[in-house]
Amino acid sequence: MTAYQNGDDEALEGIYTLLKQSLYSFIFRYTRDEQLSVDIVQDTFVKLQRYKHNYNPRNGKLKSYLFQIAYRLMITRLNRRKKWRSLLPFLTPIQSEEFHHSDRMTIREAIAKLPEIQRAVVLLFYYHDLPLEEIAKILGIPIGTVKSRLYTAIKRLKEELEGEENEPRSL
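Being a predicted model, the structure only gives us computed values, none of them experimental.

Asker: Tell me about the overall build of the protein, and name the residues and values.
Answerer: Counting secondary structure elements, the protein contains eight helices and zero strands. In sequence order, the protein lays out its α and β elements as α-α-α-α-α-α-α-α. Counting over 171 residues, the protein shows a buried share of 36%. Long-range contacts, defined as pairs at least 24 residues apart, comprise 61% of the intrachain contacts of the protein with a sequence gap of at least 6.

Quick look at the structure:
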(Lines give C-alpha, C1' and ligand atoms only; values in the text may rest on other atoms or scores of the structure.)
Protein backbone atom coordinates (compact mmCIF):
# COMPACT_ATOMS: atom_id res chain seq x y z
CA MET A 1 0.00 0.00 0.00
CA THR A 2 2.89 2.32 0.73
CA ALA A 3 4.10 1.91 -2.86
CA TYR A 4 0.63 2.84 -4.13
CA GLN A 5 0.47 5.86 -1.84
CA ASN A 6 3.84 6.93 -3.25
CA GLY A 7 2.55 6.88 -6.84
CA ASP A 8 3.03 3.27 -7.99
CA ASP A 9 -0.33 2.64 -9.69
CA GLU A 10 0.60 -0.97 -10.46
CA ALA A 11 0.63 -1.65 -6.72
CA LEU A 12 -3.14 -1.06 -6.70
CA GLU A 13 -3.53 -3.91 -9.20
CA GLY A 14 -1.68 -6.19 -6.82
CA ILE A 15 -3.85 -5.12 -3.90
CA TYR A 16 -6.98 -5.64 -6.00
CA THR A 17 -5.88 -9.10 -7.15
CA LEU A 18 -4.98 -10.09 -3.62
CA LEU A 19 -8.10 -8.89 -1.82
CA LYS A 20 -11.02 -8.68 -4.28
CA GLN A 21 -12.10 -12.30 -3.79
CA SER A 22 -12.09 -12.03 0.01
CA LEU A 23 -14.15 -8.86 -0.10
CA TYR A 24 -16.57 -10.33 -2.63
CA SER A 25 -17.03 -13.51 -0.57
CA PHE A 26 -17.74 -11.52 2.57
CA ILE A 27 -20.29 -9.24 0.91
CA PHE A 28 -21.95 -12.04 -1.05
CA ARG A 29 -22.31 -14.25 2.00
CA TYR A 30 -23.90 -11.36 3.82
CA THR A 31 -26.26 -10.18 1.07
CA ARG A 32 -26.73 -13.16 -1.27
CA ASP A 33 -26.86 -10.59 -4.06
CA GLU A 34 -24.21 -11.15 -6.71
CA GLN A 35 -24.54 -7.80 -8.49
CA LEU A 36 -24.58 -5.85 -5.24
CA SER A 37 -21.48 -7.72 -4.09
CA VAL A 38 -19.60 -6.94 -7.30
CA ASP A 39 -20.66 -3.28 -7.08
CA ILE A 40 -19.55 -2.94 -3.47
CA VAL A 41 -16.14 -4.48 -4.17
CA GLN A 42 -15.72 -2.07 -7.08
CA ASP A 43 -16.87 0.90 -4.99
CA THR A 44 -14.50 -0.13 -2.19
CA PHE A 45 -11.51 0.12 -4.53
CA VAL A 46 -12.77 3.37 -6.02
CA LYS A 47 -12.95 4.76 -2.50
CA LEU A 48 -9.45 3.44 -1.77
CA GLN A 49 -8.17 5.24 -4.88
CA ARG A 50 -9.91 8.45 -3.89
CA TYR A 51 -8.69 8.39 -0.29
CA LYS A 52 -5.45 6.44 -0.58
CA HIS A 53 -3.59 8.85 1.65
CA ASN A 54 -6.06 8.36 4.51
CA TYR A 55 -4.79 4.82 5.10
CA ASN A 56 -2.23 4.58 7.89
CA PRO A 57 -0.57 1.18 8.51
CA ARG A 58 -0.19 2.04 12.21
CA ASN A 59 -4.00 1.89 12.53
CA GLY A 60 -4.30 -1.68 11.23
CA LYS A 61 -3.85 -3.94 8.26
CA LEU A 62 -4.92 -2.89 4.78
CA LYS A 63 -7.24 -5.89 4.57
CA SER A 64 -9.11 -4.72 7.68
CA TYR A 65 -9.27 -1.19 6.31
CA LEU A 66 -10.81 -2.41 3.04
CA PHE A 67 -13.28 -4.67 4.84
CA GLN A 68 -14.33 -1.69 6.93
CA ILE A 69 -14.92 0.41 3.81
CA ALA A 70 -16.83 -2.43 2.10
CA TYR A 71 -18.96 -3.09 5.17
CA ARG A 72 -19.95 0.56 5.51
CA LEU A 73 -20.81 0.80 1.82
CA MET A 74 -22.87 -2.39 2.04
CA ILE A 75 -24.81 -1.27 5.12
CA THR A 76 -25.53 2.11 3.53
CA ARG A 77 -26.86 0.45 0.37
CA LEU A 78 -28.91 -2.14 2.24
CA ASN A 79 -30.43 0.49 4.51
CA ARG A 80 -31.30 2.67 1.53
CA ARG A 81 -32.90 -0.28 -0.25
CA LYS A 82 -34.81 -1.31 2.85
CA LYS A 83 -36.09 2.23 3.37
CA TRP A 84 -37.24 2.63 -0.21
CA ARG A 85 -38.62 -0.89 -0.46
CA SER A 86 -40.87 -0.21 2.52
CA LEU A 87 -42.04 3.14 1.15
CA LEU A 88 -42.14 2.41 -2.54
CA PRO A 89 -41.49 -1.24 -3.35
CA PHE A 90 -41.80 -0.63 -7.08
CA LEU A 91 -38.71 1.61 -7.14
CA THR A 92 -36.11 -0.81 -5.81
CA PRO A 93 -34.09 -2.74 -8.37
CA ILE A 94 -36.57 -5.31 -9.62
CA GLN A 95 -35.90 -8.99 -8.98
CA SER A 96 -37.79 -11.30 -11.31
CA GLU A 97 -39.52 -13.18 -8.48
CA GLU A 98 -40.72 -10.02 -6.73
CA PHE A 99 -43.14 -8.70 -9.35
CA HIS A 100 -45.27 -10.16 -12.06
CA HIS A 101 -44.12 -9.24 -15.57
CA SER A 102 -47.14 -6.98 -16.15
CA ASP A 103 -46.39 -5.09 -12.91
CA ARG A 104 -42.80 -4.52 -13.99
CA MET A 105 -44.00 -3.21 -17.33
CA THR A 106 -46.47 -0.88 -15.61
CA ILE A 107 -43.72 0.49 -13.39
CA ARG A 108 -41.36 0.99 -16.33
CA GLU A 109 -44.11 2.74 -18.29
CA ALA A 110 -44.86 5.03 -15.34
CA ILE A 111 -41.19 5.95 -15.05
CA ALA A 112 -41.00 6.50 -18.81
CA LYS A 113 -43.89 8.99 -18.55
CA LEU A 114 -41.96 11.18 -16.11
CA PRO A 115 -40.41 14.35 -17.49
CA GLU A 116 -36.79 13.74 -18.49
CA ILE A 117 -35.36 15.79 -15.63
CA GLN A 118 -37.28 13.76 -13.04
CA ARG A 119 -36.70 10.43 -14.79
CA ALA A 120 -32.93 10.93 -14.68
CA VAL A 121 -32.99 11.54 -10.92
CA VAL A 122 -35.22 8.50 -10.26
CA LEU A 123 -33.08 6.18 -12.37
CA LEU A 124 -29.78 7.35 -10.89
CA PHE A 125 -31.06 7.23 -7.31
CA TYR A 126 -33.10 4.02 -7.27
CA TYR A 127 -31.67 1.87 -10.01
CA HIS A 128 -28.03 2.88 -9.70
CA ASP A 129 -27.92 3.52 -5.94
CA LEU A 130 -26.13 6.86 -6.33
CA PRO A 131 -26.14 9.31 -3.43
CA LEU A 132 -27.84 12.67 -3.94
CA GLU A 133 -24.48 14.49 -4.00
CA GLU A 134 -23.22 12.40 -6.91
CA ILE A 135 -26.49 12.84 -8.82
CA ALA A 136 -26.15 16.60 -8.38
CA LYS A 137 -22.62 16.46 -9.82
CA ILE A 138 -23.64 14.21 -12.72
CA LEU A 139 -26.59 16.39 -13.68
CA GLY A 140 -24.82 19.65 -12.87
CA ILE A 141 -27.59 20.90 -10.57
CA PRO A 142 -27.75 21.85 -6.88
CA ILE A 143 -28.52 19.08 -4.40
CA GLY A 144 -31.72 20.87 -3.40
CA THR A 145 -32.93 20.60 -6.99
CA VAL A 146 -32.16 16.87 -6.98
CA LYS A 147 -34.24 16.46 -3.81
CA SER A 148 -37.08 18.50 -5.25
CA ARG A 149 -37.13 16.53 -8.51
CA LEU A 150 -37.00 13.24 -6.63
CA TYR A 151 -39.89 14.27 -4.37
CA THR A 152 -42.01 15.42 -7.33
CA ALA A 153 -41.21 12.26 -9.30
CA ILE A 154 -42.20 10.00 -6.40
CA LYS A 155 -45.44 11.90 -5.98
CA ARG A 156 -46.22 11.53 -9.70
CA LEU A 157 -45.35 7.84 -9.71
CA LYS A 158 -47.58 7.18 -6.70
CA GLU A 159 -50.47 9.01 -8.36
CA GLU A 160 -49.92 7.21 -11.65
CA LEU A 161 -49.64 3.74 -10.12
CA GLU A 162 -52.44 4.21 -7.58
CA GLY A 163 -54.65 5.55 -10.36
CA GLU A 164 -54.09 2.40 -12.40
CA GLU A 165 -54.93 0.18 -9.41
CA ASN A 166 -58.26 1.96 -8.92
CA GLU A 167 -59.33 1.79 -12.57
CA PRO A 168 -61.80 -0.98 -13.34
CA ARG A 169 -60.24 -3.67 -15.48
CA SER A 170 -62.07 -4.80 -18.56
CA LEU A 171 -62.40 -8.49 -19.18
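So much for the structure itself; the text now carries on.
Asker: With reference to specific residues and values, describe helix α6 (residues 116-127).
Answerer: A rise of 1.5 Å per residue sets the reference length of α6, with its 12 residues, at 16 Å; its end C-alpha atoms lie 15 Å apart and thus fit the reference within 8%. Among the residues making up α6, those that are buried are Q118, V121, V122, L124, F125 and Y126. A positive phi of about 55° marks D129, the residue just after α6.

Asker: Go over a negative patch on the surface, please, and point to the residues and values.
Answerer: A contiguous patch of negative charge, built from D8, D9, E10 and E13, is present on the exposed surface. Looking at the secondary structure, you find D8 in the loop between α1 (2-5) and α2 (9-31). Relative accessible area serves as the criterion here: at 35%, D8 is assigned to the partly exposed category.

Asker: Tell me about the packing of α6 against helix α7 (residues 132-139), and name the residues and values.
Answerer: Direction vectors running N to C along α6 and α7 enclose 135°, while the axes themselves pass 10 Å from each other. In terms of axis orientation, α6 runs oblique to α7. As α6 packs across α7, the resulting crossing turns out to be right-handed. Along its contact with α6, which presents A120, V121, L124 and F125, the element α7 presents L132, I135, I138 and L139.

Rules used throughout
Residues numbered from 1 in each chain as written. Predicted model: local features only at pLDDT ≥ 70, side-chain atom pairs only at ≥ 80, totals over all residues. Heavy atoms only, no water. Helix = DSSP H or I, 4+ residues; strand = E, 2+ residues; numbered from the N terminus. Buried < 20%, exposed > 50% of the residue type's maximum accessible area, 1.4 Å probe, protein only. Contact = heavy atoms within 4.5 Å. Expected span 1.5 Å × (residues − 1). Patch = residues over 30% accessible without salt bridge, like charges linked within 9 Å, V, L, I, M, F, W, Y side chains within 5 Å. Areas by Shrake-Rupley, 256 points an atom, 1.4 Å probe, with all protein chains shown as cover. Salt bridge = Lys/Arg side-chain N within 4 Å of Asp/Glu carboxyl O. Lys, Arg positive; Asp, Glu negative; His and termini not counted. Charge placed at Lys NZ, Arg CZ, Asp CG, Glu CD. Axes fitted to C-alpha atoms, helices over the stretch in contact; angles between N-to-C directions. Parallel < 35°, antiparallel > 145°, perpendicular 65-115°, else oblique. Left-handed = near helix turned anticlockwise from the far one by under 90°.

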